[in-house]
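A look at the structure
Residues per chain, in single letters:
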Amino acid sequence: MSSDFSINYYKDNSAYQILRGLDRANLQYEWQKTDDTSIIDLAQKKADKTENKSAITIALEDFTSTTTGFNGSNSSNIDSDDAKLNLFDKIASFFGFKNDNIFKSEEGQELVSSHGKIYQKDIFNNETAKNNGIEYAKQGDDLYESALNFAKADIGAIEKAFQMAKGESNKNGKLDSGEINSYTKFDGNLLDAIKEIDLAGNEKEITAEEYASYIVAVDSLGNSDGKIDSQEAENAKDMKYDKLVALAKEVYEQYNN
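Small disclaimer: the values here were computed from a predicted structure and weren't measured. (Residues numbered from 1 in each chain as written. Predicted model: local features only at pLDDT ≥ 70, side-chain atom pairs only at ≥ 80, totals over all residues. Heavy atoms only, no water.)

Things to note about the packing of helix 3 (residues 38-47) against helix 8 (residues 120-131)
For the pair helix 3 and helix 8, interaxial distance at closest approach is 7 Å and the crossing angle is 85 degrees. Judged by the angle between their axes, helix 3 and helix 8 are roughly perpendicular. Residues Ser38, Ile39, Ile40 and Asp41 of helix 3 form the contact with helix 8, whose own contacting residues are Asp122, Ile123, Asn126, Glu127 and Lys130. (Axes fitted to C-alpha atoms, helices over the stretch in contact; angles between N-to-C directions. Helix = DSSP H or I, 4+ residues; strand = E, 2+ residues; numbered from the N terminus. Parallel < 35°, antiparallel > 145°, perpendicular 65-115°, else oblique. Contact = heavy atoms within 4.5 Å.)

Here is the structure:
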């Protein structure tokens, strides 16, 4: 519903399968390959002026606030009509309040028009093309706060697409089994897997704080540089789940107690 992401297998680490920021950082899919970085390049300009938010976080946030539906596709997307300034935007602009959504800028509207439609997968593919993985924090940013902002942005994009597909609006900022199934096929018991990687005592949903803790934990398998590169993602994929859970638990307890 939210995207046409990978088919994963239960032999891989559950956190790697469930958390899109880990799975998509691993450059292993043929359809993932592109030279296009235009979406992330545009988002970087805004990210450079925003504390603790990377380009992909900005792109996901602005995608979520812009997308209005599926526009004849089977995944949420932005088309040229979505990118146009609406009446509220025009009135706000008249009074000096500029909409800073990257897709509603003049450059952003041209970008959307040139793509035809922009999907969530395009954002991730642009990101991995530019950074050989997922850069969740800029140099000088706080790693955990940046990871948390990325987690919130990714969950928000997933939730909105899922709820638009279901005709509902009960988003709560947490990933449940239905939402997870909308972007990855899991060869196993998904509820058991969510319980397996639980850090917060809620065994049916994954919070942004838990997601962020896994991001920082996997980054620590390498250089702790604000980026999950392909090798770190592969290491997380192959890691015994209990060891990765223990590492993420340390991060979670450091920032959430």
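Still to come is the rest of the account.
What to know about helix 8
Helix length check: helix 8 (12 residues) gives 17 Å between terminal C-alpha atoms against 16 Å at 1.5 Å per residue, within 8%. For helix 8, the tally of buried residues reaches 9 of 12 residues, placing the bulk of the element in the interior. Of all the residues in helix 8, the buried ones are Gln120, Asp122, Ile123, Phe124, Asn125, Asn126, Glu127, Thr128 and Asn131. Positive backbone phi, approximately 55 degrees, marks Asn132, located one or two places after helix 8. (Expected span 1.5 Å × (residues − 1). Buried < 20%, exposed > 50% of the residue type's maximum accessible area, 1.4 Å probe, protein only.)

Brief notes about the pattern of salt bridges
As a working rule, side chains carrying opposite charge can pair if their charged atoms are close by. Evaluated as defined, the whole model comprises 8 salt bridges. Note that Asp154 and Arg20 form a salt bridge whose closest N and O atoms lie 2.5 Å from each other. Here the residue Asp154 occupies a position in helix 9 (residues 143-166), and Arg20 occupies one in helix 2 (residues 20-23), the gap between them amounting to 134 residues. The exposure class assigned to Asp154 is buried, which follows from its relative accessible area of 0%. Classification of Arg20 as buried rests on a relative accessible area of 1%. A salt bridge links Asp100 to Lys46, with the nearest nitrogen and oxygen atoms 3.5 Å apart. (Salt bridge = Lys/Arg side-chain N within 4 Å of Asp/Glu carboxyl O.)

Brief notes about the packing of aromatic side chains
The geometry of two aromatic rings is summed up by the distance between their centres and the angle between their planes. Counting across every chain of the model gives 2 aromatic pairs. Between Tyr144 and Tyr255 the ring centres are 4.3 Å apart and the planes differ by 0 degrees, which places this aromatic pair in the stacked class. On the criterion of sequence distance, the pair formed by Tyr144 in helix 9 and Tyr255 in helix 14 (residues 241-256) is long-range, its members being 111 residues apart. Classification of Tyr255 as partly exposed rests on a relative accessible area of 37%. For the pair Phe150 and Tyr211, a centre-to-centre distance of 5.9 Å together with 80 degrees between the ring planes defines the contact as edge-to-face. Here Phe150 is found in helix 9, whereas its partner Tyr211 is found in helix 12 (residues 208-219), with 61 residues between them in sequence. Judged on exposure class, the residue Phe150 and its partner Tyr211 are both buried. In this structure, Arg20 packs its charged tip against the face of Tyr183, placed 5.6 Å from the ring centre. (Phe/Tyr/Trp six-rings, centres within 6.5 Å; stacked < 30°, edge-to-face > 60°. Lys NZ or Arg CZ within 6 Å of the ring centre and 35° of its normal.)

Quick look at the environment of Ser146
When you line up the elements, Ser146 lands in helix 9. A relative accessible area of 0% means that Ser146 is categorised as buried. Sequence-wise, Ser146 and Glu135 are 11 residues apart; in three dimensions their C-alpha atoms are separated by 9.8 Å. Apart from the residues lying within four places of it in its own chain, the contact partners of Ser146 are Asn52, Lys53, Tyr136, Ala137 and Asp141. At a separation of 2.8 Å, a polar atom in the side chain of Ser146 contacts the main-chain carbonyl oxygen of Asp142. (Polar contact = N/O pair within 3.5 Å; in protein donor to acceptor, adjacent residues only side chain to side chain.)

Keep in mind these numbers describe shape, not what the thing actually does.
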